[in-house]
Structure formats: C-alpha cells, structure tokens
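# Summary of structural features
One letter stands for each residue in the lines below.
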There are 4 protein chains.
Amino acid sequence: MIQPEIENHIRDDAFSNWLGADIEIIQPGYSRVSLTVSETMLNFHGTTHGGLIFALGDIAFAAASNSYGCTALALSVAISFLRPAALGDQLVAEAKEVNSGKTTALYDIVVTDRKNQKLVAKSQATVYRTHRSFA
Amino acid sequence: MIQPEIENHIRDDAFSNWLGADIEIIQPGYSRVSLTVSETMLNFHGTTHGGLIFALGDIAFAAASNSYGCTALALSVAISFLRPAALGDQLVAEAKEVNSGKTTALYDIVVTDRKNQKLVAKSQATVYRTHRSFA
Amino acid sequence: MIQPEIENHIRDDAFSNWLGADIEIIQPGYSRVSLTVSETMLNFHGTTHGGLIFALGDIAFAAASNSYGCTALALSVAISFLRPAALGDQLVAEAKEVNSGKTTALYDIVVTDRKNQKLVAKSQATVYRTHRSFA
Amino acid sequence: MIQPEIENHIRDDAFSNWLGADIEIIQPGYSRVSLTVSETMLNFHGTTHGGLIFALGDIAFAAASNSYGCTALALSVAISFLRPAALGDQLVAEAKEVNSGKTTALYDIVVTDRKNQKLVAKSQATVYRTHRSFA
C-alpha cells in the first residue's frame, strides 16, 4: 500500500535495527512494530526499561507518520506507563493517525504484551509535517 | 550525598550500560547523565533517534527519582523535541525534582548538547512513590 | 447504571453549572458532556478559548473517573488542540477509561463539534484512585 | 516593553474577563496572570476545578506566546496537578518561553498559591508560530 522506496527508507533505521525491532507493517498513517525484551533492555529494578518501551513506540510512530513519503518530525509525545514488562516478553507497538492537519498530525500509540494483550504503555504524539519528500 | 548501596544499585542498570550512558551525578532528587551519539543511535533521517533521546532523559529521571532509596515508578512523561542531534554529539540529560507529594513526585528533565549548550528536548515527568526500599 | 447518590454528587459541580455544561451521560468509567460556545467563552483571536475546551473535557473526565463512587484525583492531562471552535458551536466531550490499575487509571478524552463530528481536541489523562467513598 | 496595540488586543479576551482574571504583566515571551477562586469555580469535591486552574495557566500562556504580535496557536499542553486550591485562594499563573524555533515555541507554565508560594500545577506547552500580525 505504500511505495517500496518509502518503505525501504523507513526500514533503514539504525537504532531500530540495533534494538532488534521488527517493523511488521507500514501502511499510510499506521505501523506495527514488535520486539522481544532481552537482558540488555532491563532497568535496575529488573523490569523493562521505560526508555526501551518508549523507543519501541517511537519506531512505530516514525514509520506511521513518515509513511506518506514526506518528512514528519516529532514535536511532542505524552506517554503513560501502565504495566511493567519482563525479560522475554514480546512487546508490540502500534501507531495510528487520529488527525491530520495542514502542518501537524496526531497519533495514538499503544504498546501491548503480545501474549496477554494487556496494555504496557499508551501515548499521544504530535508531528510537524514538512512537504519534503525523503525517498 | 546518597548512600553507596543506593548509588550502586542505580548504576547497575543494564539498558543504561548497554547504551553506554555515563551517570555523572546522582544526588537526592537530581541526576545528570551523558552519552555520545553513535551510528547505532541514528534514525532513517540520519539524526539521533527520538527513542534514544528519551531513553537518556529517562535514565536521569530514574536515577533522580530513586535517589532516596525507595522504589519510584514512572507514571507519565511528556517530552518535547526541540532540536535534532547529530552523530558524535555529546548529549547531557539532567533530571530535577520540582515537587514531591505523599504518593507522587514531579521532575523536569532537560537534554542539552554539551558543546553549544542548546536544548535538544525537555520533559515533565511524574513518578509514583512507593515506600519500599530497594537497597 | 451508577447509584443515584453518586450521580447526584457528581452533577452538583459549581464550575460545570456556571459554564452551562450539560452532563448527558455518566456510566461506570465513561461520561459525555456538552456545551454551546457563548460570547463569554471566546479568546482574543475570536475563537473558543483553549481553557474552555480543556474545562469541558475535564468535566467529562471527572464524571467518568469518579463514577465508581470513590474519589479520583487528576494527576496529569496531556491535551492536543486540533481545530478551532467558533461562537455557537455545540461541543461534546467524551471521557472513557482505557486502563485501571490499583492506584491509578488512564482516560482518553475527545472533544468534538457535534454538527460536523470533527475532532476539536484530544487528551490522555491520569487519575490517582483513592478508596474513599464520597457519596 | 511590548507595543500598546498588541497589549490591548491580548487584554481584550472575553473568557479571561468573564473569569475575572487579572493580566498583571505581559512582556516578550512572558506573562503573569492572577485570579481569586470564587464559589462558581469549585468542583464537586469542593476544591478548585482543574478546568479553572488550566484556564488560568492558558491565559498566561496565550499572553506570553502572542506577545510578539504574531498569532501563536496552542498545539499541546501537558499539565500536572500538584496541590488542591481552596475557595478564596489567590492563584498566580506565570508562562515563560523556554525555546523558540522557526515554527514552534515551548513554554513552561506554573500556577502557584500567592500566599504560601506553593505549586498548584505545572505545565509544558507548545505553540505553532504563524507570521501573521494580529494588531
């Protein structure tokens, strides 16, 4: 549904690849990304680091908001952490456009535990929409 | 200023160590953490990934809010991204308590570029304060 | 669906009544509230004041989160303003619980224009849940 | 410090006047606004309504962000409620620019109780900066 050059460009993301995130779907205004929590992703309480949970959602957010092929830049994200995640959990992040204006767009991002489908975190996020094509 | 067992526990953070973050200071209600942006931390636009910038701030936030030795759990973080950061930039995150109530506390987090002292991101963040000692 | 004493207590809200808000529905974890924009609710740009739009959503949020009869206290709200609203517009705010934990709960709040069903604002909001009954 | 026509335009705010807010200071990128809590501003718990507290901060935010004479539009506000306020309390909101970019600017907003100087609420807020003069 989106052009291969755009999809390839989005998938060529160093941080996402380094974390081992799997970009499962990119559609116009939507993306789903998953990742299995490894030992390197834990905090000093022994649960999944909040920074990792945010990063997973951010990868989905970037994929969804750049899916039209024009550079979208994150302005702000408000994240709520709802449940801890443990070593070995498979986390799934979905970002979905809920509004698109002339210069900004709003996305909902949810991170869930694939096994029990429970919410781990939820965000509301805004991008600035440029009209520069990147691919 | 904070007990060595508490400080050692906070420094024993797998994700922070994996990212190569340097926890420079932990004081009661305050922390400063730095990191140099490597190639693995870039996004598909070629700038520093928002997830990495958030994670750096989150490491400072966790250190500051757990500095009293009782488990503090992040409830919500609102981050604003202000400027891109590039490969090789040294980023510095500072988290500072601005209010502490019976069950929650509020922190300001700023991420700056060490060289030019410009703001890269700024957050307002809330923790739930338990009364369980972790060290 | 909720006890009359609880509903009566929630409806006895001075600010809501002063603004002329109509609390249309209160159900467990949900509420819908509407209001028609009057001249006193405009800002110096001539559109509906952001403070009024937030307040309308906050009335729905308070009704939904207190619907169980125990005092719920707002901790944080992240609101995104999506479209201006004009004099005479009927605005509808809906608040819906998306997660409920032991000590906190998360709500989604949307404010729409009743006529064209377009989004005016959207929020993600957290309450602290006490176990004190208020009615 | 700011032009009289700009200041007059900002002060001509219907909602602010209706609430009885006193815009004490408008300077470039800064504003201070106060208000005394009346009976009409209470919620069903008997404390000051969150919507009123937000609105007060929003009046200061609008004055500060429009102080340059070009229309600034609120994109998002993340507010944390820190302490209840009571009938008769004099609340003071201050909004201060912390960053200004080409198309957006970031503000810190604090609402304090004038008598005891304690924080009631704190926000981080973003405007979209147009280049249209309004006065």
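Values in this document were obtained by computation on a predicted structure and should not be read as measured data. (Residues numbered from 1 in each chain as written. Chains lettered and ligands numbered in written order. Predicted model: local features only at pLDDT ≥ 70, side-chain atom pairs only at ≥ 80, totals over all residues.)

### Thoughts on the interface of chain B and chain A
Residue-level contacts link 33 residues of chain B with 33 residues of chain A. Broken down by secondary-structure element, the contributors of at least two residues to the side of chain B that touches chain A are helix H1 (4-11), helix H2 (14-19), helix H3 (50-65) and strand S3 (70-81) of chain B. Ranked by residues supplied to the side of chain B that touches chain A, first place goes to S3(B) with nine residues. Counted by class, the side of chain B that touches chain A contains 19 nonpolar, 10 polar and four charged residues. Note: strand S3 (residues 70-81) of chain A against S3(B), five bridges, orientation antiparallel. Across the sheet, Ser76(A) pairs through a bridge with Ser80(B), a residue of S3(B). (Contact = placed C-beta atoms within 7 Å. Helix = DSSP H or I, 4+ residues; strand = E, 2+ residues; numbered from the N terminus. Nonpolar A, V, L, I, M, F, W, Y, C, P; charged D, E, K, R; others polar. Pairing = 2+ DSSP bridges.)

### With respect to the sheet that holds strand S6 (residues 119-133) of chain A
Through backbone hydrogen bonds, the strands of a sheet pair up, either in parallel or in antiparallel fashion. The strand order S1(A)-S2(A)-S4(A)-S5(A)-S6(A)-S3(A)-S3(B)-S6(B)-S5(B)-S4(B)-S2(B)-S1(B) describes an open sheet built from 12 strands, whose pairing is antiparallel. The open sheet has two edge strands with one neighbour each: strand S1 (22-27) of chain A together with strand S1 (22-27) of chain B. The sheet shows a mean angle of 20 degrees between the axes of neighbouring strands, direction not considered. The pairing of S1(A) with strand S2 (residues 30-36) of chain A spans five bridges and is classified as antiparallel. From the neighbouring strand, Ile26(A) faces S2(A), where its bridge partner is Ser31(A). Set on the sheet, H3(B) makes contact with S3 of chain A together with S1, strand S2 (30-36), S3, strand S4 (90-100), strand S5 (104-113) and strand S6 (119-133) of chain B; between it and S4(B) the angle comes to about 45 degrees. (Axes fitted to C-alpha atoms, helices over the stretch in contact; angles between N-to-C directions.)

### Points about the relation of the copies chain B and chain D
Turning chain B through 180 degrees and shifting it by 0.0 Å along the axis lays it on chain D, with an RMSD of 0.0 Å. In symmetry terms, the pair is related by a two-fold rotation axis. A symmetric contact is evident, with 100% of the interface residues of chain B recurring at the interface of chain D. (Least-squares fit on C-alpha atoms with pLDDT ≥ 70 in both.)

### Let's talk about the pairing of strand S5 (residues 104-113) of chain D
Residue and element names in this part refer to chain D. Across the 10 residues that make up S5, a large majority, seven, are buried. Here nine bridges tie strand S4 (residues 90-100) to S5, and the two strands are oriented antiparallel to one another. Bridged to valine 92 within S5 is threonine 112. Taken together, S4 and the strand that follows it, S5, pair antiparallel across an intervening segment of three residues. With nine bridges connecting them, S5 and strand S6 (residues 119-133) associate as antiparallel partners. When the sheet's bridge partners are listed, threonine 112 is paired in S6 with leucine 119. The hairpin turn running from S5 into S6, its antiparallel successor, is five residues long, and glutamine 117 in that turn takes a positive phi close to 60 degrees. (Buried ≥ 20, exposed ≤ 12 C-beta atoms within 10 Å, placed from the backbone.)

### Quick word on the interface of chain B and chain D
If you look at the interface, chain B gives 11 residues, while chain D gives 11 residues. Put simply, the parts of the chain that give the side of chain B that touches chain D at least two residues each are S3, S4 and S6 of chain B. With four residues, the top contributor of residues to the side of chain B that touches chain D is S6(B). Grouping the amino acids of the side of chain B that touches chain D by side-chain chemistry returns five nonpolar, five polar and one charged.

Worth remembering: the numbers are spatial, not functional.
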